[in-house]
Every structure is written in structure tokens, then in C-alpha cells.
Amino acid sequence: MDLNAVRTYVAVADTGQFQRAATDLAISQQAVSKRIATLERDLGVRLLTRTASGARPTIDGQAFLPHARALLQAEERAAASVRPGHRALRVDVIGRRLAPADLLRGFHRAHPTTELDVVTLFDADAAFAAVRSGTIDASFRAVTLPARELPDGIETVRVHDEPVQLLTGPGHPLAHARAVAPADLVGHRIWMPGLVAGTEWAAYYDALAAAFGLTIETTGPDFGTEPLLDTIADSAVLATLVGEQTRFAWPADQGLRRIPLLDPTPVYPHSLIWHSDNPHPSLAALRRHLGRTDRPTPTNSLSWTPNWGRRAATAAQRFGADGESFHRT
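In this report, we go over the structure that sits alongside the text. (Residues numbered from 1 in each chain as written. Predicted model: local features only at pLDDT ≥ 70, side-chain atom pairs only at ≥ 80, totals over all residues. Heavy atoms only, no water.)

Topic: the pattern of salt bridges
Next up, step 1: With the rule as written, the count across this model stands at 11 salt bridges.
Next up, step 2: With a closest N to O distance of 2.7 Å, arginine 69 and aspartate 14 form a salt bridge. Note that arginine 69 is positioned in helix H4 (residues 59-82) and aspartate 14 in helix H1 (residues 3-15), a separation of 55 residues in sequence.
Next up, step 3: We note a salt bridge from glutamate 200 to arginine 141, for which the minimum N-O separation is 2.8 Å. Highlighted residues: glutamate 200 in helix H7 (residues 200-212) and arginine 141 in strand E5 (residues 138-141), separated in sequence by 59 residues.
Next up, step 4: Its relative accessible area of 1% is what places arginine 141 among the buried residues.
Next up, step 5: The structure contains a network of salt bridges with shared partners spanning Asp92, Arg141 and Glu200. (Salt bridge = Lys/Arg side-chain N within 4 Å of Asp/Glu carboxyl O. Helix = DSSP H or I, 4+ residues; strand = E, 2+ residues; numbered from the N terminus. Buried < 20%, exposed > 50% of the residue type's maximum accessible area, 1.4 Å probe, protein only.)

Focus on helix H2 (residues 18-25)
Next up, step 1: Among all positions in H2, only Phe18, Ala21 and Ala22 are buried. The buried residues of H2 occupy one face: seen down the axis, they fall within an arc of 100 degrees. Exposed residues lying more than 90 degrees from the buried face of H2 are Thr23 and Asp24.
Next up, step 2: Buried residues along H2 sit against H1, helix H3 (29-43), strand E1 (48-50) and strand E2 (55-57).
Next up, step 3: Following H2 by one or two positions, alanine 26 adopts a phi angle in the positive range, close to 60 degrees. (Arc of directions from axis to C-beta. Contact = heavy atoms within 4.5 Å.)

Some thoughts on the packing of H2 against H3
Next up, step 1: Between H2 and H3, the least distance of the axes is 8 Å, while the angle of their chain directions is 105 degrees. Considering their axes alone, H2 and H3 lie roughly perpendicular with respect to each other. Contacts between H2 and H3 involve Phe18, Gln19, Ala21 and Ala22 from the first element and Gln29, Val32, Ser33 and Ile36 from the second. (Axes fitted to C-alpha atoms, helices over the stretch in contact; angles between N-to-C directions. Parallel < 35°, antiparallel > 145°, perpendicular 65-115°, else oblique.)

Brief notes about H7
Next up, step 1: Taking 1.5 Å per residue, 13 residues should reach 18 Å; H7 reaches 19 Å between its end C-alpha atoms and fits that length.
Next up, step 2: Those residues of H7 not exposed but buried are Glu200, Trp201, Ala202, Tyr204, Tyr205, Ala207, Leu208, Ala209 and Phe212.
Next up, step 3: Trailing H7 by a residue or two, glycine 213 shows a phi angle of about 70 degrees, which is positive. (Expected span 1.5 Å × (residues − 1).)

So, the pairing of strand E6 (residues 154-168)
Next up, step 1: Taken across its 15 residues, E6 has 12 buried, putting it largely inside the fold.
Next up, step 2: Direction of pairing for E6 relative to strand E11 (residues 265-275): antiparallel, over a ladder of nine bridges. Considered in E11, the bridge of isoleucine 154 is made with histidine 275.
Next up, step 3: Here E6 runs beside strand E9 (residues 238-243); their pairing, made up of five bridges, is antiparallel. Bridging across to E9, leucine 166 finds its partner in leucine 241.
Next up, step 4: Sheet analysis places E6 next to strand E10 (residues 257-260), joined by four bridges and oriented antiparallel. (Pairing = 2+ DSSP bridges.)

Limitation: the analysis is restricted to geometry and does not speak to function.
Below, the structure written as C-alpha cells:
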């Protein structure tokens, strides 16, 4: 159904005159007549009866009029849903318990009137594809690709370095340590069944294991967070690695310990991904907010990130023999 014809019919019904409807719509009276005739032909009924003073709806026209108004209202709502500044900003955060969700909550606290649509996609490939297609506005991801290999139109900026911590049960040999160095984990069993080959988080932990000679086991099914925590809490030999801002809630009797890693502190490099031609004003606000709120590693040690995740070299940066980057914080 031609919505312009529907709009023209409503204008004639409201004004009672073809000429006044033509003036309101900024078209000719002949165009009004043609649109009405086309609509009546499509519907198979007469909608208007001409009178000496103008026109009025027929019985069929009266029945159609409220539905015609509803069609025009639906058209306006549809247009408003994608009008810049009116549509909710759609952002992928990887997981609702992880640091990106915390960053986005901070943005919403600073901009409480901004509407957000929060989604969780599987991996960076899915996020890049969604940003390119326009199904999301932005994503928080670790970006393993160099800038020259990013898809056309995709932009990224490093927004947050999240320290990685050791998580153990109360019976683990390191459970009472105030902090440990990554080198201290050599020979200990680190269990991370959620690592999926080919993902950016698997690439990060593969690089971490290679850099420090660690053993990270991925065997066994991934039943989710709670079963993982139960297993770690009951084990004297298994530990796992988690982000400092990963949110957990566990029973007090589990006695789980979160232990900082120092000298160096591994940090997970979170970046914001967006498309360069995205005009959404809330996207610009999010980028400005993240530029002001980047939280550095809260330690007095070096920090480590994989070679693909390092920032541009600065005077405060030195490089290990294997090409990994270390930052003085």
C-alpha cells in the first residue's frame, strides 16, 4: 500500500477539501486526485464522496480512516526508531559479568538518559561482521589484527587494560599468597575449559602461556561459571585465571581466593570497535567517555600484554627478548 496515497486520503478526510489537502501536502490538486483514485482502485472501494463544499468519507472511507491513521503513526515510529539520537545505541560486551559490561555501566551512570541495547556476541569475528553490517554500533574486544588488516571502515581504539588474577580454592598451595608472579605459576595446573580455539581470548591466554612457560588446560566440557568455581573451590591442585573486574558471586564457605599477579601483571587489552561512518551521537559520547575513564593497572609492577596487543612504544616501555611488550606502571 502506498503510504503517500494513505497520507493524502487522511489529509482530504481531515480538511474536507482536495485543494486544502493539496496545499497542506505541497502537491497539486491533480496529484491529490490521482493518489486517491489509485488508493481506491487498490482497495476496491470508494473512500470519498464529492460534495458541493468539498469531499467527505463514504461508509467504507469512515471504516478505513482509523486504520489509515494507524499506518501513518507506525511509519513515524519506524522512522523515529532509526533517526540519529532516537535509536538506542547497540553495543556488544562479550559477557555481562566481564569488564566491558562494567565499562558500559559506567558510561550509563554518566549518561543516564542514553538508551542502550546491550548484546553479547560470540567472538571478535562475529563482532567485526556485526559492526560492518550495521547490526550493532560498537563492540568491546581484544583486537588481534594489526591496523592494516582491519576490515574496511572499521576503527578501533584501546580503551582499558584489565589486570588478570589467579583464582584458587582454599586448599591450593598459593591460596594464602598476597600476590604471585606469572613465573611462580610454572608447574601449577591452570584450568580454563572456556577457551575456544580461534577466539581472541584463546589467543591472549595462548600468548600468556607461551611467554611464561605456563600450562593451561582446556580439557573437559565447559558447563559454565558456577561449575568451574565449584571445581576450583574443591581442588588443591587446580587454579584458573580471571579478569580483575569479572563479577562472581560464590558462597562464603567455598573460600575462593583472588590473587593479584605482579612482576609483571598480565593485562587483557580491551578495545572499542566501531564503523567510521556511524553517525549515532551516543557512539561519539561513549568514545569520549572511555577516553576520559581508562583505568591503568593498579600496581607498581610491570604489565604484560601480547605482542599484538601492545600500545605504541613510549619512552616508558621496554621489550622482552621474545617481542612481548612490558609497560612500566
